[in-house]
Amino acid sequence: MMRRKNDNKRYFTRMGTRKKVHAFVRVKPTDDFAHEMIKYGDDNKSIDIHIKKDLQKGVVNNKQTDWSFKLDGVLHNASQDLVYETVAKDVVAQALDGYNGTIMCYGQTGAGKTYTMTGTTENYKHRGILPRALQQGETNRIIASHTMNKNSSRSHCIFTIYVEAHSRTLSDEKYITSKINLVDLAGSERLKKSGSEGRVLKEATYINKSLSFLEQAIIALGDQKRDHIPFRQCKLTHALKDSLGGNCNMVLLTNIYGEASQLEETLSSLRFASRMKLVTTEPAINEKYDAERMVKNLEKELALLKQELAIHDSLANRTLVNYDPMDEIQIAEINSQVRRYLEGTLDEIDIINLRQIQEVFNQFRVVLSQQEQEVELTLRRKYTLIDKNDFAAISAVQKAGLMDVDGHLVGEPDGQGFGLGVTPFSAKPGKKAKSKKMFKEQLSTSARKEGASSPVGGKDLDFSTSKTQLTPSSKEGDVKDMLMRDRETSSIEPLPLDSPKEELRPPRPSTPPPKPVAFEDFKNERGSEINRIFKENKSILNERRKRASETTQRINAIKREMDVTKEALNFQKSLREKQGEYENKGLMIIDEEEFLLILKLKDLKKQYRTEYQDLRDLKAEIQYCQHLVDQCRHRLLMEFDIWYNESFFIPEDIQVSLKPGGSIRPGMVPISRIMSLGEDDQDKFSQLQQTELPEGPDSFSFYNAKVKTEQKHNYLKTMMGFQQAHRK
Ligand code: ADP
Ligand code: MG
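Within each chain, residues carry numbers counting from 1 in the order of the written sequence. To read the labels, note that chains go from A and ligands from 1, taken in the order they are written. In keeping with the model being predicted, local features are shown solely for residues with a pLDDT of at least 70 and side-chain atom pairs are shown and tallied solely at 80 or more, while totals for entire chains, interfaces and linings include all residues. The basis for every side-chain value is the complete set of non-hydrogen atoms in the structure, without hydrogens or water.

A.B. asks: Is there a simple way to think about the overall build of the protein in this case?
C.D. replies: Each helix and strand counted, the protein has 19 helices and 17 strands in total. About 42900 Å² of surface is accessible on the protein, with carbon and sulfur atoms providing 53% of the total. By definition, any uninterrupted DSSP run of H or I lasting at least four residues is a helix, any uninterrupted run of E lasting at least two residues is a strand, and each is numbered from the N terminus. Note on areas: Shrake-Rupley, 1.4 Å probe, and residue coverage restricted to the protein chains presented here.

Encoded structure:
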């Protein structure tokens, strides 16, 4: 019954609007029609049933005596002709337009289902829906005979007519398919369960269980809220799966008796009909494409368009352009063009046609992804990259204190960890932190490796030479300026401190020393580590710059030599052409001199490429080192500022409260504190301000420093918030 979908054909359906199932009732002709009990509405679209009190005994529930059923039409004493016109004609006509259709006859045995569906063979006038539908579908062809189904009243009979309609014009690749299901259901009568008391409503069951499943499926279909329909419960519902509801036109014809004695079954049949009316379907057209016809049509069109293109080319005086797909050699040529273009040895790529333009773009992508891989490979060979999403690795590095604010590893000229998230400030400068020691160790190893270490505390911090200062803060400017102005001022000799816990710090002088002088002290004291790292990075940067400049010079020299060789080669070539060429079996004969020049040029090109690659690598390293240097400079100045305030401005007693364990830390605050620096801390700070400020005039500077620090914290907090939100 079910036909498999042909997978070779493209298939789609055009959705229509939702439609209700059409429900008709056909009453079997009788001389004994129960006029008092069965009444039709004026428009012939409803049936009213009335049961007399005395008949009600044991029939139906003892309260209700009247029922009214709304239908789409009642067929009383209707001819087979009229039944077909009313019930089936539209469904069949729509099937020829591509809509699936289902017509079902329901009712108790003997009520006329088979008569309606198949009719009688003897009498042409009495033929049923099936032969008429076949006739309508085949138009002029008359169906000579069809097998009469002698189905038992206990079995269902489904006829399926498959329709496939092609257009008469052969070029039309679209065609429609549909099917019409004509269903002669098994008798719907129920078996009475004999109860002891006749007056109680008897429970009844279907003779045929599948009808009960059909009803369940139909009830589920009528309920808009349900999305599961139990189609798989029996063969009947399974076979009608795509014909009940769904995307087809559906008609239910209920056959009933008109006699009073059959009223109970009639009532149950009418109830089924009214339930069926609630089901909605969405008829949709089934259009398919004939792949063979479609290919033929497209081939025709393609040939036509090629001709058209050739005409256009000749009209535009264009030489013959090949529009065929490119072969490997052509693609390789485009790839080399793109490479030369990127290197700068080719000025432009000529446009030939659309296909070529697309291939150029494609090769750009190929070259780009290759270069990306190369860069990553180069970086991986030199650095250990940490995946930004590998939080475990990041936190490990953070714990070790190897990263600065911007996620760059500090103290490592080799520079690990690209573009990491926000990381804590360094450990407290005044405290000999473990992390500090660690990066010191790493630094000395790497310095040895690079052979670029220089004496600590040297005077090579030269702000004026740096062209790319990333964060030129005002503080940085201050020091820079003062450094220039007060260069000659002598520094203050460091003296031993009285506090054993504190690092060495000179006793506080009455007037603070000029910043540039203090800066030199700072570099020898608390800032020695960061200054050392700074210098390390700088010397590596300078070394790379030097190498880059040497490589550039070498490249230029090679380029000059290439030019000279090319010129000599051209001269040889022109000489050969003047003397007349020698040819041997299609091979050009050239003299040794020219041959050697060709070899030389080839060698030079190779050198050129190698050097060029080196230069590219160097440039990437320079960029990275420059960034590290900028980071270090920034840190150095920032920590100096804090150190300067702590050493010369903040009163000693306030410093006590700023010690670890105290609530406030001027300057660098550990990451855990930044996170928790809320209103409480700020309150404490303002209290402190009120109590300390009036007494200590020096604390004005501290106040300023503190405010700046607060601002920095707020900024950081916000930034961390952003980053965290971004990661989610
Ligand atoms: P069912 O298929 O519902 O069990 P049938 O179609 O076999 O019932 O009908 C039983 C008998 O009644 C058949 O002999 C049939 O010819 C006759 N019959 C049913 N409906 C009509 C009708 N509308 N006009 C004339 N005869 C009918
Ligand atoms: Mg029958």
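A.B. asks: What is the right way to look at the pattern of salt bridges in this model?
C.D. replies: Oppositely charged side chains are able to pair whenever their charged atoms sit close together. For this analysis, a salt bridge means a side-chain nitrogen from Lys or Arg found within 4 Å of a carboxyl oxygen belonging to Asp or Glu. Evaluated as defined, the whole model comprises 23 salt bridges. Ionic pairing is found between Arg 293 and Asp 290, a salt bridge with its closest N-O pair at 3.9 Å. Of the two residues, Arg 293 and Asp 290, both sit in the buried class. Notably, a salt bridge pairs Glu 621 with Arg 544, separated by 2.5 Å at the nearest N-O pair. Within this pair, whereas Glu 621 is found in helix 15 (residues 592-648), its partner Arg 544 is found in helix 14 (residues 528-579), the two being separated by 77 residues in sequence. Several salt bridges share partner residues, and in doing so they unite Lys 382, Glu 543, Arg 544, Arg 547 and Glu 621 into one network. Buried means the residue's accessible area, taken with a 1.4 Å probe over protein chains only, is under 20% of the maximum for its type, while exposed means over 50%, and partly exposed covers the values in between.

A.B. asks: Is there a simple way to think about unusual backbone geometry in this case?
C.D. replies: Working note: non-glycine residues mostly have negative phi, and peptide bonds are mostly trans. The backbone of Asn 44 sits at a positive phi, close to 60°, despite the residue not being glycine. Residue Asn 44 is classed as partly exposed on the basis of its relative accessible area of 35%. The backbone of Asn 77 sits at a positive phi, close to 50°, despite the residue not being glycine. Position of Asn 77 relative to the elements: it lies in the loop between strand 7 (73-76) and helix 1 (80-96). Take Asn 77: its relative accessible area is 53%, and that puts it in the exposed class.

A.B. asks: Sorry if this is basic, but what is going on with the packing of helix 9 (residues 354-382) against helix 15 here?
C.D. replies: When two helices pack together, their arrangement is captured by the angle between the axes and the distance separating the axes. Taken N-terminus to C-terminus, the directions of helix 9 and helix 15 make an angle of 65°; their axes are 11 Å apart at the nearest point. Considering only the axes of helix 9 and helix 15, their crossing is right-handed. Mapping the contact onto sequence places Gln 371, Glu 374, Thr 378 and Lys 382 in helix 9 and Gln 613, Arg 616, Asp 617 and Glu 621 in helix 15. Residues are grouped as follows: nonpolar covers Ala, Val, Leu, Ile, Met, Phe, Trp, Tyr, Cys and Pro; charged covers Asp, Glu, Lys and Arg; every other residue, Gly included, is treated as polar. Broken down by class, the residue content of the contact of helix 9 with helix 15 amounts to no nonpolar, 3 polar and 5 charged. Throughout, an axis means a line fitted to C-alpha atoms (over the contacting stretch in the case of helices), and angles, computed between N-to-C directions, take values from 0 to 180 degrees. Rotating anticlockwise by less than a right angle from the far helix to the near helix defines a left-handed crossing, while the corresponding clockwise rotation defines a right-handed one. Only heavy atoms matter for contacts: two residues are in contact if any of them lie within 4.5 Å across the pair.

As far as function goes, none of this settles anything; it's purely spatial.
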